[in-house]
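Chains, contacts and geometry: an overview
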Amino acid sequence: MSRKTKALRTLMARLQNKEKWKFIIYTISKSIVTISSPFYVQAVLRFISQKRETKEILLISAIYFIFVAILEILSIQVERRTYTKFNGIRRDYLVEHYSDTMKLPYSDFEDEEKMNDIYAKLSLLSSNDDGVEGVLHQLFEIGWKIISALILYMILLLTNNSLIIILCFGISYLRFVVINHEKEIELNFADTVFAFKRKLVYFTYDTSDITYGKEKRIYRFSNNLKKLYRKLLKDFLEVLLNIHAKKRLYYIFDAILSILFYTLSLYIFYRRFSVTKDTNLALIFIMVTFLCYTIQQEIINSIAFIKKNLQLIDEQLFITNIKNAELEKTEIDKFKSLEFQNVSFKYNGSEKYAIKNISFRIKAGDKFSILGLNGAGKSTIIKLILNMYQPTEGKILINGININSISQKSIIKLFSYAQQEEQPVSIRLGEYIAGGEKNCTAQKINYAIKRAGLFEKIMASKYGLDTPLTKYLDEDGLEMSGGEFQRLRFARLLCKDTADVYIMDEPTSAMDVQSEYEFYNTISNADNKTVILVSHRMKTTEFCNMILIMKDGKAIELGDRQQLLINKGLYYQMSQLEKGGENG
């Protein structure tokens, strides 16, 4: 079975039996409407040639149009119901796509090629006329076209018009070859087109994103963004023109084939009816022939469209990057230790190591600080601990087990993470703080926001914990300052009391002095939790029993605070600099 056939069968499996009955009803009604038109014209012409009364012609016309109207109303009603069903199937796929995207490795979202793949999948699920829904619509429509074409061919065959049939099949076959070549060109450029569209979507989103609104206005980035946007549009237009140039010969050949068919068919009819001079019959046969040819071209276009989209659907939608190896991975319920053994890592496409030969061990209950200047590799270590990336060299062990052998579910359960930068999600505050934890009750949430110093602010809002975060989706949403949002992330971290390890990346960078004091007081008293703090500020190390000093991706020092001060190395120098800054 070909991959396109598998993709088709996967799509068709979503349809229920009643949709198949709708297809049959729609196909029959549309076929009757299409096939009846030449017979109606023939009847009217015969009545006129027989000089029948006008009221008889009007009567037969009225009967015909009422009959057609009933069938059209029936087919429209069926089509509308089916349209809704197809739209629902596409949206079901869209929900699955969002779910699958959330399961992709974090590293995929920093890989341009993977991001293009994700956008390509989204594109196939975002249109009513292309991708998944487009294929379903074309499949639904193609039935009546095939039935109508077969009946019209039978009429031509029974009336000794075999030459016209040969001509129609011959020209149609050549057109099919031409259109397939056109679609192949489109497929060859599909990845490039998807990549450009993804970048254009960024600009569309960026112009309406209030997150960067102040920055864009204060620093007047609009002109810079316009230049980039125009350049991107220019480059995209060049790609589209290149595609058009490659298809130009096929367009010309396609037009020549159509002209050739109409010219030769008219010539054949002229030779046949020039002797009998039966004008009415000639007109009927011309009408049947041209109608048959037109429908056949629509069938060819539909087949080419379906073939192209099924290939894209197969490559982008059903071939997923998600690895289903979770079934064989180890589950861990309790954190005992975390160990880095000569771990090195470099990001995709980079020749430089972000961290090099890092080794340390954290035991349950430790308060561990990773200290260093910006770009030292601190956040990279956290990403590796959370299994967002895999080490380029060395091993990471949790409870003595290689992290690659541990299920992601266990890692999510063991660690609660408050990251340095995060865009607020437009959901209710209570949902944001709970963070998917099913056992996070209202009581736990209230405790967490009290410890984070946000209880009064949240409860003073219009809907309390049911207030939406940000105004993106609701005008009653709550906007927060950088410090408040940092405390909200801290509340979420506290609410996940099932986690054994709290990981915080620059947790107080936007907090005021009072909020920072309350934060460290809460963390220092978390005796039953292991804490990993990442910062460039000395304050984070005061209650930690182990400190790792990073510089340029390397571990410079490792030990407790007192030992590092005695050694008078980089930690000592940083502490002296910070003291000097405070005194100044």
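**Some words on the state of the cysteines**
By the definition in use, this model includes zero disulfides. The thiol sulfur of Cys-292 is not disulfide-bonded, and the nearest other cysteine sulfur, from Cys-168, lies at 4.6 Å.

**Let's talk about the sheet that holds strand β3 (residues 367-372)**
Pairing is mixed in the open sheet, where six strands are placed in the order β6-β7-β8-β3-β9-β10. At either end of the open sheet lies a strand with only one pairing partner, and these are β6 (415-418) and β10 (554-559). With direction set aside, neighbouring strand axes in the sheet form an average angle of 15 degrees. As judged from the four bridges shared by β6 and strand β7 (residues 501-505), these two strands associate in the parallel manner. Residue Phe-415 lies in a different strand from β7, and its bridge partner there is Val-501. Helix-sheet contacts for helix α11 (residues 378-385) involve β3, β6, β7, β8 (530-535) and β9 (546-551), and the interaxial angle to β8 is about 145 degrees.

**Some details on the packing of aromatic side chains**
Within the structure shown, the criterion is met by 20 aromatic pairs. Seen in terms of ring centroids, Phe-261 and Phe-290 are 6.5 Å apart; in terms of plane orientation they differ by 55 degrees. Their pairing is tilted. On the criterion of sequence distance, the pair formed by Phe-261 in helix α9 (residues 222-276) and Phe-290 in helix α10 (residues 279-318) is long-range, its members being 29 residues apart. The rings of Phe-23, Tyr-26, Phe-86 and Phe-140 are connected pair by pair, giving a single aromatic cluster. It is Lys-30 that lies over the ring of Trp-144; its NZ or CZ is 5.1 Å from the centre.

**What to know about the environment of Asp-560**
Following the sequence through the fold, Asp-560 ends up in the loop between β10 and α18 (561-567). C-alpha separation for the pair Asp-560 and Ile-547, spaced 13 residues apart in sequence, amounts to 5.7 Å. Within the structure, the side chain of Asp-560 is placed 3.3 Å from the backbone nitrogen of Gln-562, a separation counted as a polar contact.

**Here we look at the sheet that holds strand β4 (residues 393-398)**
Judged by pairing direction, the sheet is antiparallel, and its four strands sit side by side in the order β2-β1-β4-β5 without closing on themselves. The open sheet has two free edges, formed respectively by β2 (355-363) and β5 (401-402), since each of these has just one partner strand. Direction of pairing for β4 relative to β5: antiparallel, over a ladder of two bridges. The residue bridging Ile-398 from the neighbouring strand is Ile-401, located in β5.

**Comments concerning the confidence of the model for the protein chain**
On average, the protein chain scores 83 in pLDDT, and the residues at 70 or more come to 89%. Model confidence for the protein chain, summarised as mean pLDDT per element, is weakest for helix α1 (residues 3-12) at 61 and strongest for strand β1 (residues 337-345) at 96. For residues 319-326, every residue scores under 50 in pLDDT, and the model assigns this stretch 15 contacts once sequence neighbours within four places are set aside.

Cut-offs applied
- Residues numbered from 1 in each chain as written.
- Predicted model: local features only at pLDDT ≥ 70, side-chain atom pairs only at ≥ 80, totals over all residues.
- Heavy atoms only, no water.
- Disulfide = S-S within 2.5 Å.
- Pairing = 2+ DSSP bridges.
- Helix = DSSP H or I, 4+ residues; strand = E, 2+ residues; numbered from the N terminus.
- Axes fitted to C-alpha atoms, helices over the stretch in contact; angles between N-to-C directions.
- Contact = heavy atoms within 4.5 Å.
- Phe/Tyr/Trp six-rings, centres within 6.5 Å; stacked < 30°, edge-to-face > 60°.
- Lys NZ or Arg CZ within 6 Å of the ring centre and 35° of its normal.
- Polar contact = N/O pair within 3.5 Å; in protein donor to acceptor, adjacent residues only side chain to side chain.
- pLDDT = per-residue confidence, 0-100.

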